[in-house]
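Examination of the molecular architecture
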Amino acid sequence: MKKIRLVMLLLGMTVALTACSSKTDLPKTLDKEGIAPYVLSEGEKYVLESFNLSGTSQIISFNAPSEATALNVNVYRLEEETWSRIGSGGISIGTDAEPADKLMGTFTMQLRENYTIDFTINAGGLASYKTDGILLDNEIMASIKAFLLEFQDIEINTEIPVALMVYDSGTSLKSCSPQDYFDPSKFEGMDLVQAVTLEFSDQ
């Protein structure tokens with residue numbers, strides 16, 4: 001938790017220090033409704049690489065429809081081809097839309113030891129959560145991590161898969177994408193499969 005907060009602070013400092021010289025260095029927000037991978041500046045990429053976080057973390061920008069008042073994050077573990085929720089969290093601007101009049105900002109997640117997932121929502125305020133660690137009987141020999149790679153529209157009250165992580169004691173894995181969340185049978189026999197979804201709600 002301390003590490004991800006430090007990284008977010010450093011990213012903020014990078015933006016603040018460079019904003020004086022160029023408006024293009026200001027934090028980037030989506031100009032249309034949807035979600036998309038956050039486009040990192042060279043300085044921000046350098047910070048992530050310096051902390052060896054490039055392959056184990058992601059930042060997503062979101063600009064929710066005007067009727068959305070809350071963002072809910074769900075973390076799942078696949079158990080016998082059924083998704084079981086192992087963690088969740090969220091943020092709301094409420095029906096009065098305070099302190100922001102629109103739900104927009106960034107979602108950040110980091111994969112940690114023991115398959116723990118830290119995530120933070122920054123939207124007119126910070127909300128941070130983490131899942132519990134997982135102990136496996138088998139030694140993991142192969143893993144694959146698939147993150148959201150392109151812009152996606154938001155449908156209110158519908159989950160959007162943004163990350164999928166597969167771990168197995170074997171030596172080969174099939175390629176996958178976050179959309180495979182909707183076809184969990186693809187991962188039959190894998191030792192551990194986790195998924196992260198975002199859901200924008202009007203309630």
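Refer to the preceding data block for the structure.
Residues numbered from 1 in each chain as written. Predicted model: local features only at pLDDT ≥ 70, side-chain atom pairs only at ≥ 80, totals over all residues. Heavy atoms only, no water.

Another point: the layout of surface pockets. Considering only enclosed or pocket space, the second largest pocket measures out at about 270 Å³ in volume. Elements that contribute at least two residues to the lining of the second largest pocket include exactly helix 2 (42-50) and strand 2 (57-63). Split into classes, the residues belonging to the lining of the second largest pocket amount to 8 nonpolar, 3 polar and 2 charged. (1 Å grid on protein atoms, 1.4 Å probe; cavity = no way out; pocket = protein on both sides within 12 Å on 5 of 7 lines; lining within 4 Å. Points joined across faces, edges and corners; volume = space filled by probe spheres on them. Helix = DSSP H or I, 4+ residues; strand = E, 2+ residues; numbered from the N terminus. Nonpolar A, V, L, I, M, F, W, Y, C, P; charged D, E, K, R; others polar.)

Attention shifts here to the sheet that holds strand 1 (residues 34-37). Ordered by their spatial adjacency, 5 strands build an open sheet running 1-2-5-6-7, and the pairing between neighbours is antiparallel. On the outer flanks of this sheet lie strand 1 and strand 7 (126-130), each paired with one strand and no other. Strand-to-strand, the axes of this sheet are offset by a mean angle of 15°, without reference to chain direction. Sheet topology note: the strand 6 (residues 117-122)/strand 7 ladder contains 5 bridges and is antiparallel. The residue bridging Asn-122 from the neighbouring strand is Leu-126, located in strand 7. (Pairing = 2+ DSSP bridges. Axes fitted to C-alpha atoms, helices over the stretch in contact; angles between N-to-C directions.)

Within strand 2, 7 of the 7 residues are buried, which leaves it mostly tucked inside the rest of the structure. Taking every second residue as pointing to the same face, both faces of strand 2 are buried, with Ser-57, Ile-59, Ser-61 and Asn-63 on one and Gln-58, Ile-60 and Phe-62 on the other. Across 7 bridges, strand 2 lies against strand 5 (residues 104-111) in antiparallel orientation. Note on strand 5: the bridge partner recorded for Asn-63 is Met-104. (Buried < 20%, exposed > 50% of the residue type's maximum accessible area, 1.4 Å probe, protein only.)

This next bit is on the environment of Leu-164. Looking at where Leu-164 falls in the secondary structure, it is placed in strand 9 (residues 159-168). With a relative accessible area of 0%, Leu-164 lands in the buried category. When the C-alpha positions of Leu-164 and Asp-180 are compared, they lie 8.0 Å apart, and in sequence the two are 16 residues distant.

Turning our attention to the pattern of salt bridges. The tally for this structure, following the rule as stated, stands at 3 salt bridges. Across the salt bridge formed by Asp-118 and Arg-112, the nearest N and O atoms sit 2.5 Å from each other. For Asp-118, a relative accessible area of 1% translates into the label buried. We note a salt bridge from Asp-180 to Lys-186, for which the minimum N-O separation is 3.1 Å. Look at Lys-186 and you get partly exposed, because its relative accessible area is 30%. (Salt bridge = Lys/Arg side-chain N within 4 Å of Asp/Glu carboxyl O.)

Right, let's talk about the sheet that holds strand 3 (residues 70-79) for a bit. The 5 strands are arranged 4-3-10-9-8 in an open sheet whose pairing can be described as antiparallel. The two strands at the open ends of the sheet, each matched to only one other strand, are strand 4 (82-92) and strand 8 (142-147). Direction aside, neighbouring strands of the sheet carry axes that sit 15° apart on average. Inspection of the sheet shows strand 9 paired to strand 10 (residues 192-201) by 8 bridges, in the antiparallel sense. Bridged to Tyr-167 within strand 10 is Leu-192.

It is worth spelling out the side chain of Thr-120 at this point. The topology assignment puts Thr-120 in strand 6. One polar contact links Thr-120 to Ser-128, side chain to side chain, over a distance of 3.1 Å. (Polar contact = N/O pair within 3.5 Å; in protein donor to acceptor, adjacent residues only side chain to side chain.)

In short, shape yes, function no, at least from these values alone.
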